[in-house]
Amino acid sequence: NGVLWVTEAHTYRWGTNGSPFQPPTNPIKRIEPGPDGRAWRTIVAAEGFPEPVIGICARDGKLYATCLNELFVMDIAPDGKLANRKLLVKDAAVPWNPFGMYRVQVGPDDKLWLCIADHPGTEPVTLTGSDGRVVRLAGKSGGMVRCNRDGSGLELIVQGFRAPYAFDLDPW
């Protein structure tokens, strides 16, 4: 709808105690551009996340987002605020910031596609979807998964990555 969704990572690599922002809130902001293309209005749509929100995707009145070991969805209210946070996929481990979930987007199959980094420690990536389905990546491996937009039907697409921050989907 012509708005930009951005995140501020107050605790990226620093953690809560080392953050230069006090108090650190890791907000999601909504920016509405004016006719000249400059930011006309900026609002804090949601905040208070313990870790940086890295991936965001707005679609059909909802905002899908990742925060370290969680993929969640929130409703976009008419005033631009985000409400009704619902967990869709969770990683059993709480990896070192920022080695968690990165980019999320809706693919041409209308499913959520998500890339996850490996865990520098010994715990493998073990994800649970909203329907209880578990996907475990092999060893010290990151990868890419997809699921229905409600978090069900989680499935592994590829593994063997270190830290896949971003990806693109070709609809062909």
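Preceding this section is the structure that the text describes.
Small disclaimer: the values here were computed from a predicted structure and weren't measured. (Residues numbered from 1 in each chain as written. Predicted model: local features only at pLDDT ≥ 70, side-chain atom pairs only at ≥ 80, totals over all residues. Heavy atoms only, no water.)

As a further point, take the sheet that holds strand β1 (residues 4–7). Across the sheet, which stays open at both edges, the 3 strands sit in the order β1-β2-β3 with antiparallel pairing between neighbours. What marks the edges here is a single partner per strand, and that holds for β1 and β3 (39–46). Pairwise comparison of adjacent strand axes, ignoring direction, gives a mean angle of 30° for this sheet. Note that β1 and strand β2 (residues 28–33) share 4 bridges and pair antiparallel. Counterpart to Val 6 in the pairing with β2 is Lys 29. (Pairing = 2+ DSSP bridges. Helix = DSSP H or I, 4+ residues; strand = E, 2+ residues; numbered from the N terminus. Axes fitted to C-alpha atoms, helices over the stretch in contact; angles between N-to-C directions.)

Relative to the elements of secondary structure, Leu 127 occurs in strand β10 (residues 126–129). Along the sequence, Leu 127 and Ala 93 sit 34 residues apart, while their C-alpha atoms lie 8.8 Å from each other.

On the secondary structure map, His 10 appears in the loop between β1 and α1 (15–18). When the C-alpha positions of His 10 and Leu 114 are compared, they lie 23 Å apart, and in sequence the two are 104 residues distant. One polar contact links the side chain of His 10 to the main-chain amide nitrogen of Thr 25, over a distance of 3.0 Å. (Polar contact = N/O pair within 3.5 Å; in protein donor to acceptor, adjacent residues only side chain to side chain.)

Across a sheet, strands are paired by hydrogen bonds formed along the backbone, either parallel or antiparallel in direction. Read across the open sheet, the 6 strands follow the order β4-β5-β6-β7-β10-β11; overall the sheet is antiparallel. Two strands close off the open sheet at either side, each with one partner strand: β4 (53–59) and β11 (134–136). If you compare each strand with its neighbour and ignore which way they point, the axes differ by 25° on average. By the bridge criterion, 3 bridges tie strand β7 (residues 82–91) to β10 in an arrangement that is antiparallel. Bridge pairing in β10 links Val 89 to Gly 129.

With the rule as written, the count across this model stands at 2 aromatic pairs. Look at Tyr 102 and Tyr 165: their rings are 4.3 Å apart centre to centre, the planes differ by 40°, and that puts the pair in the tilted class. In this pair, Tyr 102 sits in strand β8 (residues 101–106) while Tyr 165 sits in the segment after β13 (155–161), placing the two residues 63 residues apart along the sequence. Residue classification places Tyr 102 among the buried residues on the basis of a relative accessible area of 0%. Above the plane of the ring of Phe 72 lies Arg 85, whose end atom (NZ or CZ) is 4.0 Å from the centre. Between the NZ or CZ atom of Arg 103 and the centre of the ring of Phe 167, over which it lies, the distance is 5.5 Å. (Phe/Tyr/Trp six-rings, centres within 6.5 Å; stacked < 30°, edge-to-face > 60°. Buried < 20%, exposed > 50% of the residue type's maximum accessible area, 1.4 Å probe, protein only. Lys NZ or Arg CZ within 6 Å of the ring centre and 35° of its normal.)

Further remarks concern unusual backbone geometry. Looking along the chain, the bond that leaves Gln 22 and enters Pro 23 is cis, with omega of -10°. Relative to the helices and strands, Pro 23 resides in the loop between α1 and β2. Although it is not a glycine, Arg 13 sits at a positive phi angle of roughly 65°. Take Arg 13: it is sitting in the loop between β1 and α1. Judged by its relative accessible area of 45%, Arg 13 falls in the partly exposed class.

Just distances and angles here, no functional claims.
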